[in-house]
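# Structure assessment
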Amino acid sequence: MCSSDLIERLSARPRGARSSRVIFWNIERPDEKPGVDAVELFQRGMTEILEWADAIWVSDRGLASKDRRMIQAVLGGHPGLREAPPAEPFFDVAHFGTPTPRREEVLEQLRKRGLRVGWNAWGEERAKILASARILLGVDRVEGMHIQSPLRWALGAAYGIPIVNEAVPDPYPLEAGKSVLLAPYADLAETVVQALLDPETAEIGRRGRAALCEQWTFKAGVLDAIARTPCAWR
């Protein structure tokens, strides 16, 4: 999130036909709070942001549909995101994200089945894990509104890894069962096991790479969103 000093400066800037434009690209996940609907909480936050930003982009099409003020912007990838050369498979599953009890429960189920699970890592270590992993697993940090993990998806696509993710209402530009595998939380571990046994799973990874590294590159996603943003540079 932007610092208070930056927000103050942005709020004070002149607005008009000849002024600069500020677009806030929101890739954070709305979390549940007791007694407050997640959609309502999300809309409150967006209202505050629009006090200093001219437009808001979100990368999850389902989330964008919850508020007509939002512009859906595909967060595409690029083959250059791959930082390590192909390696022989070592890890069955790669999972990156802040450790939480909810995530650890699924990962522990996989370990109990004898699967090798890569740990949360950054930089060169993360690249080596991705280059030698057979599945990229996405589990939501907490229970709440289920949306995409666009940064992880773009990274996984660069390595051509099949993605298994906790079910989301709309995985666009990926397609459920074709370029990403989706499953409810309770079925995630079993879905990973079955995906590892299915020789067709590799095709999921190839299709994901084509969707996010060829058709919807980062540049393509940005240009498309700009074209659909009313306040953009016109």
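This section reports on the structure supplied with the text. Fair warning: this is a prediction, and the values are worked out from it, not measured in the lab.

Basis of the calculations
Residues numbered from 1 in each chain as written. Predicted model: local features only at pLDDT ≥ 70, side-chain atom pairs only at ≥ 80, totals over all residues. Heavy atoms only, no water. Helix = DSSP H or I, 4+ residues; strand = E, 2+ residues; numbered from the N terminus. Rg over C-alpha atoms; globule rule 2.2 N^0.38 Å. Buried < 20%, exposed > 50% of the residue type's maximum accessible area, 1.4 Å probe, protein only. Contact = heavy atoms within 4.5 Å. Areas by Shrake-Rupley, 256 points an atom, 1.4 Å probe, with all protein chains shown as cover. Lys, Arg positive; Asp, Glu negative; His and termini not counted. Charge placed at Lys NZ, Arg CZ, Asp CG, Glu CD. Salt bridge = Lys/Arg side-chain N within 4 Å of Asp/Glu carboxyl O. Expected span 1.5 Å × (residues − 1). Pairing = 2+ DSSP bridges. Core = buried A, V, L, I, M, F, W, Y, C linked by side-chain atoms within 4.5 Å.

### Points about the overall build of the chain
A tally of helices and strands in the chain yields 9 helices and 8 strands. For the chain, whose C-alpha radius of gyration is 19 Å, the value lies close to the compact-globule estimate of 17 Å for 234 residues. Along the first, second and third principal axes, the C-alpha atoms of the chain reach 60 × 40 × 30 Å. Each of the 234 residues in the chain was classed as buried or not, and the buried ones make up 48%. Sequence separation of at least 24 residues holds for 72% of the intrachain contacts in the chain that already meet a minimum separation of 6. For the chain, the computed accessible surface area is about 12400 Å², with 55% contributed by carbon and sulfur atoms. For the chain, the separation between the mean place of its 31 positive charges and that of its 32 negative charges on side chains is 5 Å.

### Points about the pattern of salt bridges
Think of it this way: side chains of opposite charge can pair up when their charged atoms draw near. By the definition in use, this model includes 15 salt bridges. Ionic pairing is found between R44 and E40, a salt bridge with its closest N-O pair at 2.7 Å. You can see R44 and its partner E40 sitting in helix α2 (residues 38-49), 4 residues apart, about one turn around the helix. Assessed through its relative accessible area of 43%, R44 is described here as partly exposed. Of the residues examined, E40 reaches a relative accessible area of 36% and is grouped as partly exposed.

### A word on the environment of Y159
Position of Y159 among the secondary structure elements: in helix α6 (residues 150-159). Residue classification places Y159 among the buried positions, given a relative accessible area of 6%. The spacing of Y159 and A84 is 75 residues in sequence and 8.8 Å in space, taken between C-alpha atoms. Leave out the neighbours within four places in its chain, and Y159 touches L81, R82, E83, A84, A127, L130, A131 and R209.

### Quick notes on helix α8 (residues 201-215)
Compared with an ideal rise of 1.5 Å per residue, which puts 15 residues at 21 Å, α8 spans 21 Å between its outermost C-alpha atoms and is within 8% of the ideal. If you check which residues of α8 are buried, you get T201, I204, G205, G208, A211, L212 and C213. On its buried side, α8 packs onto β6 (133-138), α6, β7 (163-166), β8 (181-183) and α7 (188-197).

### Considering the sheet that holds strand β5 (residues 117-118)
Read across the open sheet, the 5 strands follow the order β5-β4-β6-β7-β8; overall the sheet is parallel. With one partner strand each, in any of the chains shown, β5 and β8 form the two edges of the open sheet. In this sheet, β8 lies alongside β7 in parallel orientation, the contact comprising 3 bridges. Within β8, the residue paired with E166 across the bridge is A183.

### Some details on the nonpolar core
Residues L130, L136, W153, Y159 and L174 are the most contacted members of the largest nonpolar core, which totals 24 residues. Contributing elements (two or more residues each) for this core: β4 (91-94), α5 (123-131), β6, α6 and α8. With 5 residues, α6 is the single largest residue contributor to this core. Those residues in contact with W153 that sit more than four places away from it in its chain are Q148, I163, N165, V168, P171, L174, V180 and L212. Core analysis: the next-biggest nonpolar cluster, separate from the first, contains 19 residues, L110, A183, L188 and A195 among them.

### Looking at unusual backbone geometry
A cis amide bond links Y172 with the next residue in sequence, P173, at an omega value of 10°. Among the secondary structure elements, P173 is positioned in the loop between β7 and β8.

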